[in-house]
Structures are given as C-alpha cells and as structure tokens.
Amino acid sequence: MESSNFSEILKDLRKRSGLTQQQLGELMGKSKSIVSYYELQERSPSPNALVKLAAIFHVSTDYLLGVDPARRLDVTELTEEDVTTVSSLIDLLRKKNRSLRESR
C-alpha cells in the first residue's frame, strides 16, 4: 500500500465534509498540526486515530487506508424504510451509470 493513499483519502474526506484541519483535529481530540502531518505524510496515525477517523467520516478503516476502494454507507439511525429507499436509489443510479457507459 502506498502511504500517499491515506493522506489523499483523508484530505478528500475532510474537504468533502466541509471540515478544516482545526475542526477535524478537535473532533479527534488532537491538534490541527497532527491532521496536517497526516495529510503531508509526515506522520502515520495510530490504530486508535484510524478508528476515530473512520467513525467521524462513516467509512471503514480499510477504505481510509486505501485497502478497500468500496465506500460503504453508514445507515445507523435510519429506519428500515429509509434503508430500503437508499438502496433503491443506489440501484437506480448504478443502472443509469451502466447505461451511460454502454451508450458511449
């Protein structure tokens, strides 16, 4: 595994979540500089920090580390009806994307 995967994935998740390095550090109980070190590949997170980051972004640690490219959806706190609706939407989007690829 390339170490750059983690730093790139972390930075992407942080930005997509609209968080600053300072805000992410506070959520982790760490300083802004620690987040910066992670993103600059100057330090590697501890196992506990990886678990915290995965929980903050609702992704698996494997996704965060670049081991598993599949991004999982956290459906915690959703009703069964909500989960069914989200699953149906995902299926619909996959079909749309397949059709687009096939029409090219």
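This write-up is about the structure you can find in this document. A quick note: this is a predicted structure, and the numbers were derived from the prediction, not measured. (Residues numbered from 1 in each chain as written. Predicted model: local features only at pLDDT ≥ 70, side-chain atom pairs only at ≥ 80, totals over all residues. Heavy atoms only, no water.)

Turning our eyes to something else, we now look at the overall build of the chain. When helices and strands are counted, the chain shows 6 helices and 0 strands. Taken from N to C terminus, the helices and strands of the chain fall in the order α-α-α-α-α-α. Relative to its length of 104 residues, the chain is extended, with a C-alpha radius of gyration of 16 Å against a globular reference of 13 Å. Judged by the C-alpha coordinates and their principal axes, the chain covers about 45 × 35 × 25 Å. Per-residue burial over the chain gives 26% buried out of 104 residues. Within the chain, contacts between residues separated by at least 24 positions form 51% of all contacts whose residues are at least 6 apart in sequence. Charge-centre separation for the chain: the mean point of 16 positive side chains lies 6 Å from the mean point of 15 negative side chains. (Helix = DSSP H or I, 4+ residues; strand = E, 2+ residues; numbered from the N terminus. Rg over C-alpha atoms; globule rule 2.2 N^0.38 Å. Buried < 20%, exposed > 50% of the residue type's maximum accessible area, 1.4 Å probe, protein only. Contact = heavy atoms within 4.5 Å. Lys, Arg positive; Asp, Glu negative; His and termini not counted. Charge placed at Lys NZ, Arg CZ, Asp CG, Glu CD.)

Below, the discussion takes up the packing of helix H2 (residues 21-28) against helix H3 (residues 32-39). With their axes 7 Å apart at the nearest point, H2 and H3 run at an angle of 110° to one another. On the basis of the axis angle, H2 is roughly perpendicular to H3. Counted together, Gln 21, Gln 22, Leu 24, Gly 25 and Met 28 of H2 and Lys 32, Val 35, Ser 36, Tyr 38 and Glu 39 of H3 form the full contact between these two elements. When the residues that make up the contact of H2 with H3 are grouped by side-chain class, the tally is 4 nonpolar, 4 polar and 2 charged. (Axes fitted to C-alpha atoms, helices over the stretch in contact; angles between N-to-C directions. Parallel < 35°, antiparallel > 145°, perpendicular 65-115°, else oblique. Nonpolar A, V, L, I, M, F, W, Y, C, P; charged D, E, K, R; others polar.)

Inspection of every chain in the model, using the stated rule, returns 3 salt bridges. The shortest N-O distance in the salt bridge between Glu 39 and Arg 14 comes to 2.5 Å. With Glu 39 in helix H3 and Arg 14 in helix H1 (residues 3-16), this pair connects stretches of sequence that are 25 residues apart. When its relative accessible area of 8% is taken as the criterion, Arg 14 is described as buried. Arg 94 serves as the salt-bridge partner of Asp 91, at 3.9 Å between the closest nitrogen and oxygen. One end of the pair is Asp 91 and the other is Arg 94, both in helix H6 (residues 80-102) and 3 residues apart, which spans about a single turn. On the basis of relative accessible area, Asp 91 is assigned to the partly exposed category, the value being 40%. Classification of Arg 94 by relative accessible area gives partly exposed; the value is 47%. (Salt bridge = Lys/Arg side-chain N within 4 Å of Asp/Glu carboxyl O.)

Here the focus is a positive patch on the surface. On the surface, a cluster of positive charge is contributed by Lys 95, Arg 98, Arg 101 and Arg 104. Within the secondary structure, Arg 101 sits in helix H6. (Patch = residues over 30% accessible without salt bridge, like charges linked within 9 Å, V, L, I, M, F, W, Y side chains within 5 Å. Areas by Shrake-Rupley, 256 points an atom, 1.4 Å probe, with all protein chains shown as cover.)

With that settled, consider helix H4 (residues 47-57). Among all positions of H4, only Ala 49, Leu 50, Leu 53, Ala 54 and Phe 57 are buried. The arc enclosing the buried residues of H4, seen along the axis, measures out at 140°, which places them on a common side. Opposite the packed face of H4, turned more than 90 degrees from it, sit the exposed residues Pro 47, Asn 48, Val 51 and Ala 55. Two residues or fewer past H4, His 58 is found with a positive phi of approximately 60°. (Arc of directions from axis to C-beta.)

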